[in-house]
Amino acid sequence: DIGGIPELVRPGQTGEVFQSGSVDALASTLAKVAGMRPADVAAMGRAGRAWMEQSFTIERYRERLVALYARIDVRMQAE
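Residues numbered from 1 in each chain as written. Predicted model: local features only at pLDDT ≥ 70, side-chain atom pairs only at ≥ 80, totals over all residues. Heavy atoms only, no water.

> Teacher, can you tell me more about the overall build of the protein chain here?
Regarding its fold elements, the protein chain presents 4 helices and 0 strands. Traced from its N-terminal end to its C-terminal end, the protein chain shows the element sequence α-α-α-α. Compactness check: the protein chain gives a C-alpha radius of gyration of 18 Å against a globular reference of 12 Å for 79 residues, more than 25% above the reference. Reported as C-alpha extents along the three principal axes, the dimensions of the protein chain are approximately 55 × 30 × 15 Å. In the protein chain, which comprises 79 residues, the proportion classed as buried is 13%. Of the contacts formed within the protein chain by residues at least 6 apart in sequence, a portion of 39% connects residues at least 24 apart. Within the structure as shown, the protein chain displays about 6,300 Å² of accessible surface, and the carbon and sulfur contribution to it stands at 59%. With 10 positive and 10 negative side-chain charges, the protein chain shows a separation of 6 Å between the mean positions of the two kinds. (Helix = DSSP H or I, 4+ residues; strand = E, 2+ residues; numbered from the N terminus. Rg over C-alpha atoms; globule rule 2.2 N^0.38 Å. Buried < 20%, exposed > 50% of the residue type's maximum accessible area, 1.4 Å probe, protein only. Contact = heavy atoms within 4.5 Å. Areas by Shrake-Rupley, 256 points an atom, 1.4 Å probe, with all protein chains shown as cover. Lys, Arg positive; Asp, Glu negative; His and termini not counted. Charge placed at Lys NZ, Arg CZ, Asp CG, Glu CD.)

Structure follows, in structure tokens:
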């Protein structure tokens, strides 16, 4: 749970996150994943890959960047 990682992981759906610097949180998260059925871990991996392939393409990045610039431009024109 540091930097941009929380934006890239949907806990319980596409992976897990834990508090940065916390050995106990890491151990708990690893134990949770180790206790999961292999099919569930594989499904989480597939869901993560599908989400990345859909949401983090060059085209989607460009769309989000253009939308951000448009919002900034609108705010600057309002001032």
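> Explain a nonpolar patch on the surface here, please?
A cluster of nonpolar side chains, namely Leu68, Tyr69, Ile72 and Met76, defines an oily patch on the protein surface of about 410 Å² accessible area. Mapped onto the secondary structure, Ile72 falls in helix 4 (residues 58-78). (Patch = residues over 30% accessible without salt bridge, like charges linked within 9 Å, V, L, I, M, F, W, Y side chains within 5 Å. Salt bridge = Lys/Arg side-chain N within 4 Å of Asp/Glu carboxyl O.)

> I'm lost on the packing of aromatic side chains in this one. Help?
The geometry of two aromatic rings is summed up by the distance between their centres and the angle between their planes. Tallied over the full model, the rule gives 1 aromatic pair. Between Trp51 and Phe56 the ring centres are 5.3 Å apart and the planes differ by 80 degrees, which places this aromatic pair in the edge-to-face class. You can call Trp51 buried: its relative accessible area is 11%. A relative accessible area of 36% places Phe56 in the partly exposed class. (Phe/Tyr/Trp six-rings, centres within 6.5 Å; stacked < 30°, edge-to-face > 60°.)

> Just to check I follow, could you spell out the environment of Gly15 for this structure?
Turning to its location among the elements, Gly15 is positioned in the loop between helix 1 (5-8) and helix 2 (23-34). Residues Gly15 and Tyr61, spaced 46 residues apart in sequence, show a C-alpha to C-alpha distance of 22 Å.

> Could you clarify how one ought to interpret the side chain of Thr14 in this entry?
Along the chain, Thr14 turns up in the loop between helix 1 and helix 2. Among the polar contacts made by the side chain of Thr14, one reaches the main-chain amide nitrogen of Arg10 at a distance of 2.7 Å. Other than its neighbours up to four places away in sequence, Thr14 contacts Leu8, Val9, Met44, Ala47, Gly48 and Trp51. (Polar contact = N/O pair within 3.5 Å; in protein donor to acceptor, adjacent residues only side chain to side chain.)

> Help me out: how do you make sense of the confidence of the model for the protein chain in this one?
Should pLDDT be low for a region, the predicted coordinates there are not to be read in detail. Here the protein chain averages 91 in pLDDT, while 100% of its residues score no lower than 70. When the elements of the protein chain are averaged for pLDDT, helix 1 gives the smallest value, 82, and helix 2 the largest, 97. (pLDDT = per-residue confidence, 0-100.)

> I'm lost on the pattern of salt bridges in this one. Help?
For the structure on display, the rule yields 4 salt bridges. Here Lys32 and Glu16 are joined by a salt bridge, their closest N and O atoms 3.4 Å apart. Of this pair, Lys32 sits in helix 2 while Glu16 sits in the loop between helix 1 and helix 2; the two residues are 16 residues apart in sequence, bridging distant segments of the chain. For Arg37, the salt bridge goes to Asp40, with nearest N and O atoms at 2.9 Å. Using a relative accessible area of 54% as the deciding quantity, one classes Arg37 as exposed.

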